[in-house]
Amino acid sequence: MSLYHSTRSRAHACSAKQAIRTGLAPDGGLFVSDALGTQKVDVDTLADKDYAAIAREVLGLLLPDYTADEIAACVDEAYTGTFASPEVTPVVDIAPVGGEGAPHAHVLELYHGPTSAFKDVALQMLPRLMARAQAGAGAGERIMIVTATSGDTGKAALAGFADAPGCGITVFYPEGKVSRVQELQMTTQAGANVAVAAVRGNFDDAQSAVKRIFADRALADRLASAGVVLSSANSINVGRLVPQVVYYFASYAQLLRAGAIAAGDAVEFCVPTGNFGDVLAGYYAKMLGLPVERLIVASDKNNVLFDFLTTGVYDRNRPFFTTTSPSMDILISSNLERMLYYVSDGDCELIAGLMADLAETGRFEVPPALLAKIRETFACGWADEDEVAGAIAACWRDNAYLIDPHTACGYHVMEQLPAAPGAAARVLLSTASPYKFPRAVLQALGAEVPADDFACMRALEEATGTTAPAQLAALEAAAVRFADVVDVPGMGAYVESAAQRLEEAAR
């Protein structure tokens, strides 16, 4: 059986279940498996498989210590009746994007789950994987999920873990740096085992503090004495990452069934991303045999990934911008570490050195040969706020198709970058419903913008003839349960108090 270990060392090997329960490796690295790519998915059979069948196959390869029955049960629980589309992640055709001669363009809609964001695909799955992993743990052990969110992960994680047996969840989000709809999704969350707090700082501050909480041995010992262990629902957790690999294969299957491509044709994917998890899932799909011609990393004004992929220098020492695409307002892209591990052929010493440089100086630089290898697969682009607004307007004008600001970053980048010569189709990953950001979308369309976000929703419906997801519209009347605001140094104490409440509830 293939084992998981840290990106920074092979000293500690564990099963997939242990990696999912733990979340972060003991040395601060991310869990990876050297077996990735040794087995392939048969692309020729994809057209005959629905989403559930593809998920069973892909997850079976990536999580080998889960039995076939366990995987099947997790897939059934995660995707039966929980998504608005029977395809789970449907593909929609739009006009070619990228200039004369561009191949046909498609949008992969990842927002049909219960919280209207792409994180649902993985965070409906992770609690099921966690439950099976926990089954082999000590009697009475409880897991406290601790997550920092730039907007969408928090609500998707809360929805997945609310009232899950044996689990609690604590979510931190940057105060004033998520949309009003995103904030209400979190602060109105029901469930006896949930805790939500705003953090005085940005997402990177919150995410870095969460990593320090995981590394705090004194805190871990105090929690362990109460029967509580920490884990993560961020994409640093391999159990959050691997379900995202599935929709790359599922989109390819839909293109095959539609006759848009033939089996074996290469496809180019454009992925709006901040933390690098969504696009890394595409890299995993490529390693599993999906014919991926190129992965385009689309950034917003916080374009640290663009600079890295262009120069080989990753430098977080730069201004932080609050934009209309808050889930991409990130300067520390955690999952980049996993990509660097694989592209460097598993050079743990190199990765440990790069991450030490990042921690100590806020920057690192990869060797030129490694950058050249990265750029064989990854292209990049970014959009400023005016370009995001222009992309929303252009997509509506040219396709009568409404996109949110994150997706608009990708649309703009696709407009600017010619398609790779070998790409038979281009697929833009749409990461959230435009109704999560009604103010920004309405303004981009040139309509009058009301003061209230829910009035914006109604105005957007009227202007476009589209309909807001019911779960978003219902937030207007939902009662706020959480109004906590903490400083970054106080996040550990907040987690400990949430764990104490979880312990008391279990008595």
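Reference entry: report on the structure contained in this document. (Residues numbered from 1 in each chain as written. Predicted model: local features only at pLDDT ≥ 70, side-chain atom pairs only at ≥ 80, totals over all residues. Heavy atoms only, no water.)

Points about empty space enclosed by the protein
Moving on, step 1. Inspection of the entire model under this criterion finds two cavities of 30 Å³ or more.
Moving on, step 2. Here the largest cavity is characterised by a volume of approximately 220 Å³.
Moving on, step 3. Lining the largest cavity we find 23 residues, and of these Phe118, Lys119, Gly274, Asn275 and Ser327 sit closest to its centre.
Moving on, step 4. Split by residue class, the lining of the largest cavity holds seven nonpolar, 12 polar and four charged.
Moving on, step 5. Looking at the second largest cavity, its volume works out to about 30 Å³.
Moving on, step 6. Thr273, Gly274, Ser299, Asp300, Asn302, Val304, Leu305, Met328, Ile330 and Ser333 together form the lining of the second largest cavity.
Moving on, step 7. Of the residues contributing to the lining of the second largest cavity, the split by class is four nonpolar, five polar and one charged. (1 Å grid on protein atoms, 1.4 Å probe; cavity = no way out; pocket = protein on both sides within 12 Å on 5 of 7 lines; lining within 4 Å. Points joined across faces, edges and corners; volume = space filled by probe spheres on them. Nonpolar A, V, L, I, M, F, W, Y, C, P; charged D, E, K, R; others polar.)

Focus: the sheet that holds strand β7 (residues 167–174)
Moving on, step 1. The parallel open sheet is built from five strands, whose spatial order is β9-β6-β7-β8-β16. In the strand order of this sheet, the two ends are held by β9 (228–231) and β16 (484–487), each with one partner. The average undirected angle you get between the axes of adjacent strands in this sheet is 30°.
Moving on, step 2. Examined bridge by bridge, strand β6 (residues 142–148) and β7 share six bridges and lie parallel to one another. By the bridge assignment, isoleucine 145 is partnered in β7 with isoleucine 169.
Moving on, step 3. Across the sheet, helix α5 (residues 126–134) is in contact with β6, β7 and β9; its angle to β6 comes to roughly 145°. (Pairing = 2+ DSSP bridges. Helix = DSSP H or I, 4+ residues; strand = E, 2+ residues; numbered from the N terminus. Axes fitted to C-alpha atoms, helices over the stretch in contact; angles between N-to-C directions. Contact = heavy atoms within 4.5 Å.)

Focus on the side chain of glutamine 244
Moving on, step 1. Secondary-structure assignment places glutamine 244 in helix α10 (residues 238–257).
Moving on, step 2. Polar side-chain contacts of glutamine 244 include one of 3.3 Å to the side chain of aspartate 278.
Moving on, step 3. Other than its neighbours up to four places away in sequence, glutamine 244 contacts Phe118, Ala122, Ser235, Gly277, Asp278 and Ala281. (Polar contact = N/O pair within 3.5 Å; in protein donor to acceptor, adjacent residues only side chain to side chain.)

A short note on the packing of aromatic side chains
Moving on, step 1. Inspection of every chain in the model, using the stated rule, returns 12 aromatic pairs.
Moving on, step 2. A ring pair is formed by phenylalanine 276 and phenylalanine 378, whose centres lie 5.6 Å apart and whose planes are at 40°; its orientation type is tilted. Residue phenylalanine 276 is located in the loop between β10 (266–272) and α11 (277–287), and its partner phenylalanine 378 is located in strand β14 (residues 378–382); the two are separated by 102 residues in the primary sequence. With respect to burial, phenylalanine 276 and phenylalanine 378 carry one shared label: buried.
Moving on, step 3. Through pairs of rings, three or more aromatic residues link up here, namely Tyr51, Tyr79 and Phe83. (Phe/Tyr/Trp six-rings, centres within 6.5 Å; stacked < 30°, edge-to-face > 60°. Buried < 20%, exposed > 50% of the residue type's maximum accessible area, 1.4 Å probe, protein only.)

Considerations on the packing of helix α3 (residues 68–79) against α5
Moving on, step 1. At a closest axis distance of 9 Å, the pairing of α3 and α5 adopts a crossing angle of 145°. For the pair α3 and α5, the crossing hand works out as right-handed. Of the residues in α5, those in contact with Glu70, Ala73, Cys74, Glu77 and Ala78 of α3 are Arg128, Leu129 and Arg132. (Left-handed = near helix turned anticlockwise from the far one by under 90°.)

Thoughts on the packing of α11 against helix α13 (residues 336–343)
Moving on, step 1. Running from amino to carboxyl end, α11 crosses α13 at an angle of 30°, the nearest separation of the two axes being 10 Å. By the criterion of interaxial angle, the relationship of α11 to α13 is roughly parallel. Considering only the axes of α11 and α13, their crossing is left-handed. Together, Leu280, Tyr283, Tyr284 and Met287 of α11 and Arg338, Met339, Tyr342 and Val343 of α13 make up the contact between the two elements.
Moving on, step 2. The class makeup of the residues in the contact of α11 with α13 is seven nonpolar, no polar and one charged. (Parallel < 35°, antiparallel > 145°, perpendicular 65-115°, else oblique.)

Points about the sheet that holds strand β4 (residues 91–94)
Moving on, step 1. What the six strands build is an open sheet, ordered β4-β5-β15-β10-β11-β14; its pairing is mixed. The two strands at the open ends of the sheet, each matched to only one other strand, are β4 and β14. Direction aside, neighbouring strands of the sheet carry axes that sit 25° apart on average.
Moving on, step 2. By the bridge criterion, four bridges tie β4 to strand β5 (residues 105–109) in an arrangement that is antiparallel. Counted as the bridge partner of valine 91 is leucine 108 from β5.
Moving on, step 3. Helix-sheet contacts for α11 involve β10, β11 (292–299), β14 and β15 (423–430), and the interaxial angle to β11 is about 170°.

Looking at the environment of tryptophan 382
Moving on, step 1. Structurally, tryptophan 382 is set in strand β14.
Moving on, step 2. Residue tryptophan 382 is classed as partly exposed on the basis of its relative accessible area of 30%.
Moving on, step 3. Along the sequence, tryptophan 382 and alanine 220 sit 162 residues apart, while their C-alpha atoms lie 40 Å from each other.
Moving on, step 4. When sequence neighbours within four positions are dropped, the list of residues in contact with tryptophan 382 reads Ser299, Asp300, Lys301, Asn303, Phe306, Glu387, His412 and Val413.

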